[in-house]
Amino acid sequence: MQKRDFLKSIGLLATSIPAFSFALPEGNLAKELKPYAIKKGDTVGLISPSAASSDRMQFTFAKEALEALGFQVKLGDHAMSRRGHLAGTDEERAGDLNQMFSDKEVKAIVSVRGGSGAARILPLIDYKSISINPKPLLGYSDITALHCAIQSQTGLITFHGPMGSGSWNSFNVDQFERMFFDQEKITFENVHAESDDLVVKSNRIQTLKGGIAEGKILGGNLTVLTAISGSPYYPDFKDAILFIEDVGEDPYRIDRMMSTLKLNGTLDQIKGFIFGQCSDCEPGGGYGSLTVDQVLDDFILPLNIPAYSGAMIGHISKQFIIPVGAQVKMDADAGTFVMTESVFDS
């Protein structure tokens, strides 16, 4: 994910985006809204709300993967458009999202990829239409901006998980089918690669503070989450379970972003904390760099809440599909969390 491009794009909001096209909904924005269930044979909308794809084969991969899962696929009108690094203008990308939610034929929406730029379209989204037409939305990384905005404005449960053009290995496919077709209350527990090593080393969790906590699970990519902090699209984290992940960030940047979550009050409101994978986040050159482990210790241990790191969340091939906004119960000693409710309105 091109973090610097993304952060620059946030700064363009004031000058590049026209006035709000849709009024924000009124009333209790935290009320839970469940999407309608989906089944094989349904039509799934494929959109590009963030960065453009430089390789057209990515759309072929996404279409074929969704068809293999049993769906019909409808491509957004502007999914293959391009404006600079973005997949079309803000109006085009927001228009595709709004169209998919209002289209009665489309039963779920999947993002082709992330990258950067989703935050630019948040003021242009028709949240009232989403409230009337609740559908599953799947994606991660930059799609965190959409998860957060839709949660804050409608309460709709969305899904943090694989992109359309991403990895659809047996683990992800099995979890997708259990989540969406079987409607299981999934227990999210790391799996480990087979090895003849005396010690299991793959996907190990670290308990930062033991204990059990229950609450609404919210979060996503740390960079994107902190970038929308202070906006109307930032979720209410009171009594929530916060999960975060990131990629390609030096520990000093992780430290800076965790400082933001502390200063804006997020960390002091949560009941539990789950850190996924921070891929390619090793300390770079320079004297005395903190590690990610040290950063987490500094900010999370003083909270005295159940917390663990190493969950299969993030820019990795096998990743959890997390129902953002759903009620879960986490066990920091075991390094697991489980859905405590159905997340679909049948």
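Definitions and limits used
- Residues numbered from 1 in each chain as written.
- Predicted model: local features only at pLDDT ≥ 70, side-chain atom pairs only at ≥ 80, totals over all residues.
- Heavy atoms only, no water.
- Salt bridge = Lys/Arg side-chain N within 4 Å of Asp/Glu carboxyl O.
- Helix = DSSP H or I, 4+ residues; strand = E, 2+ residues; numbered from the N terminus.
- Buried < 20%, exposed > 50% of the residue type's maximum accessible area, 1.4 Å probe, protein only.
- Phe/Tyr/Trp six-rings, centres within 6.5 Å; stacked < 30°, edge-to-face > 60°.
- Pairing = 2+ DSSP bridges.
- Axes fitted to C-alpha atoms, helices over the stretch in contact; angles between N-to-C directions.
- Contact = heavy atoms within 4.5 Å.
- Expected span 1.5 Å × (residues − 1).
- Arc of directions from axis to C-beta.
- 1 Å grid on protein atoms, 1.4 Å probe; cavity = no way out; pocket = protein on both sides within 12 Å on 5 of 7 lines; lining within 4 Å.
- Points joined across faces, edges and corners; volume = space filled by probe spheres on them.
- Nonpolar A, V, L, I, M, F, W, Y, C, P; charged D, E, K, R; others polar.
- UniProt positions renumbered as here; feature names shortened; annotations may be inferred.
- Disulfide = S-S within 2.5 Å.
- Domains from an automatic or database assignment.
- Buried area = accessible area lost by both parts, 1.4 Å probe.

Under an unreviewed UniProt entry, the name given to the chain is Muramoyltetrapeptide carboxypeptidase, and the organism recorded is Algoriphagus machipongonensis.

> Just checking my understanding: could you explain the pattern of salt bridges for this structure?
Oppositely charged side chains are able to pair whenever their charged atoms sit close together. Enumeration according to the criterion identifies 12 salt bridges in this entry. Note that Arg178 and Asp174 form a salt bridge whose closest N and O atoms lie 3.7 Å from each other. Placement of both Arg178 and Asp174 in helix H7 (residues 170-181) is noted, with a separation of 4 residues, approximately one turn of the helix. The partly exposed category is assigned to Asp174, whose relative accessible area is 39%. Put simply, Asp268 and Lys262 hold a salt bridge, and the shortest N to O gap is 2.8 Å. The partly exposed category is assigned to Lys262, whose relative accessible area is 33%. By sharing partners, the salt bridges in this structure join Lys74, Asp103 and Glu105 into a single network.

> Before we go on, may I ask you to explain the packing of aromatic side chains in this structure?
For any pair of aromatic rings, the description rests on two quantities: the centre-to-centre distance and the angle between the ring planes. Scanning the entire structure with this criterion turns up 15 aromatic pairs. Judged by centre distance (5.7 Å) and plane angle (50°), the rings of Phe71 and Phe181 are tilted. One end of the pair, Phe71, is in the loop between helix H3 (57-68) and strand E2 (72-75); the other, Phe181, is in helix H7, with 110 residues separating them in the sequence. An angle of 80° between the planes, with centres 6.0 Å apart, marks the rings of Phe320 and Phe337 as edge-to-face.

> Explain the sheet that holds strand E8 (residues 212-221) here, please?
By definition, the strands of a sheet pair up through backbone hydrogen bonds, in either a parallel or an antiparallel sense. If you trace the 8 strands from one edge of the open sheet to the other, you get E6-E14-E13-E8-E9-E10-E11-E7, paired in mixed fashion. With partners counted over all chains shown, the strands left at the sheet margins are strand E6 (187-189) and strand E7 (206-209), one partner each. The sheet shows a mean angle of 30° between the axes of neighbouring strands, direction not considered. For E7 and strand E11 (residues 307-309), the ladder comprises 3 bridges, and the chain directions are antiparallel. Within E11, the residue paired with Thr207 across the bridge is Tyr308. Helix H9 (residues 251-263) rests against strand E9 (241-247) and strand E10 (272-279) of the sheet, and its axis sits at about 155° to E9.

> Before we go on, may I ask you to explain H3 in this structure?
Every α-helix carries 3.6 residues per turn, so stepping three or four residues along brings you back to the same face. For H3, which comprises 12 residues, the first-to-last C-alpha distance of 16 Å matches the rise-based estimate of 16 Å (1.5 Å per residue) to within 8%. Those residues of H3 not exposed but buried are Phe59, Ala62, Ala65 and Leu66. Summarising the axial view, the buried residues of H3 lie within an arc of 130°, below the 170-degree limit, and thus occupy one face. Downstream of H3 by a residue or two, Gly70 has a phi angle that is positive, lying close to 110°.

> Even after reading the chapter, I still don't get helix H11 (residues 292-300), so can you show me in this structure?
Regarding H11, the residues found buried are Val292, Val295, Leu296, Phe299 and Ile300. Take H11 and look down its axis: the buried residues cluster within an arc of 105°, on one side only. Packed against the buried residues of H11 are E7, H9, helix H10 (266-269), E10 and E11.

> Can you walk me through unusual backbone geometry in this structure?
Excluding glycine, a negative phi dihedral is what most residues carry, and trans is how most peptide bonds are arranged. Backbone geometry places Asp239, a non-glycine residue, at a positive phi of 65°. With respect to the helices, strands and loops of the structure, Asp239 is situated in the loop between helix H8 (222-227) and E9. Residue classification places Asp239 among the partly exposed positions, given a relative accessible area of 39%. Despite not being glycine, Asp280 has its phi angle at roughly 55°, a positive value. With a relative accessible area of 57%, Asp280 lands in the exposed category.

> For this particular structure, what's the right way to read empty space enclosed by the protein?
Here the structure, examined in full by the defined rule, presents 1 cavity of 30 Å³ or more. Here the largest cavity is characterised by a volume of approximately 60 Å³. Along the walls of the largest cavity sit Ile38, Val44, Leu66, Phe71, Ala108, Ile109, Val110, Pro136, Leu137, Leu138, Phe176 and Phe180, which together make up its complete lining. At the level of secondary structure, the elements contributing two or more residues to the lining of the largest cavity comprise strand E3 (106-111), strand E4 (137-139) and H7. In terms of residue count, the dominant contributor to the lining of the largest cavity is E3 (3 residues). Looking at the lining of the largest cavity residue by residue, the class counts come to 12 nonpolar, no polar and no charged.

> Please clarify how the UniProt feature "domain: LD-carboxypeptidase N-terminal" (unreviewed entry) in the chain should be interpreted in this entry.
As recorded in UniProt, the feature "domain: LD-carboxypeptidase N-terminal" (unreviewed entry) lies at residues 44-161. Split by type, residues 44-161 is 36% helix and 17% strand. Its first and last C-alpha atoms lie 15 Å apart.

> What exactly am I supposed to notice about the state of the cysteines here?
What makes a disulfide is a covalent bond joining the sulfur atoms belonging to two cysteines. Summed over all chains, the structure comprises 1 disulfide. Paired through a disulfide, Cys278 and Cys281 show a sulfur-sulfur distance of 2.2 Å. Given an S-S torsion of about -70°, the disulfide between Cys278 and Cys281 has left-handed geometry. In this structure, Cys278 and Cys281 share a single accessibility class: buried. No disulfide involves Cys148; its sulfur sits 17 Å from the nearest other cysteine sulfur, which is in Cys278.

> Just checking my understanding: could you explain the domain arrangement of the chain for this structure?
Interface size, as often reported, equals the accessible area lost upon joining of the parts. Domain annotation of the chain identifies domain 1 (43-181) and domain 2 (187-193 + 201-339). Measuring from the centre of the C-alpha atoms in domain 1 to the corresponding centre in domain 2 gives 23 Å. Of the residues lining the interface, 31 residues belong to domain 1; the matching set on domain 2 comes to 31 residues. Summed over the three residues of domain 1 that lose the most area to domain 2, namely Gln151, His160 and Phe171, the buried surface amounts to 25% of that side. At the junction of domain 1 and domain 2, the tally comes to 0 salt bridges. Counting only elements with at least two residues in the side of domain 1 that touches domain 2, the list comes to helix H6 (144-154), strand E5 (158-160) and H7. With 8 residues, the top contributor of residues to the side of domain 1 that touches domain 2 is H6. Of the residues that constitute the side of domain 1 that touches domain 2, the class distribution is 17 nonpolar, 13 polar and 1 charged.

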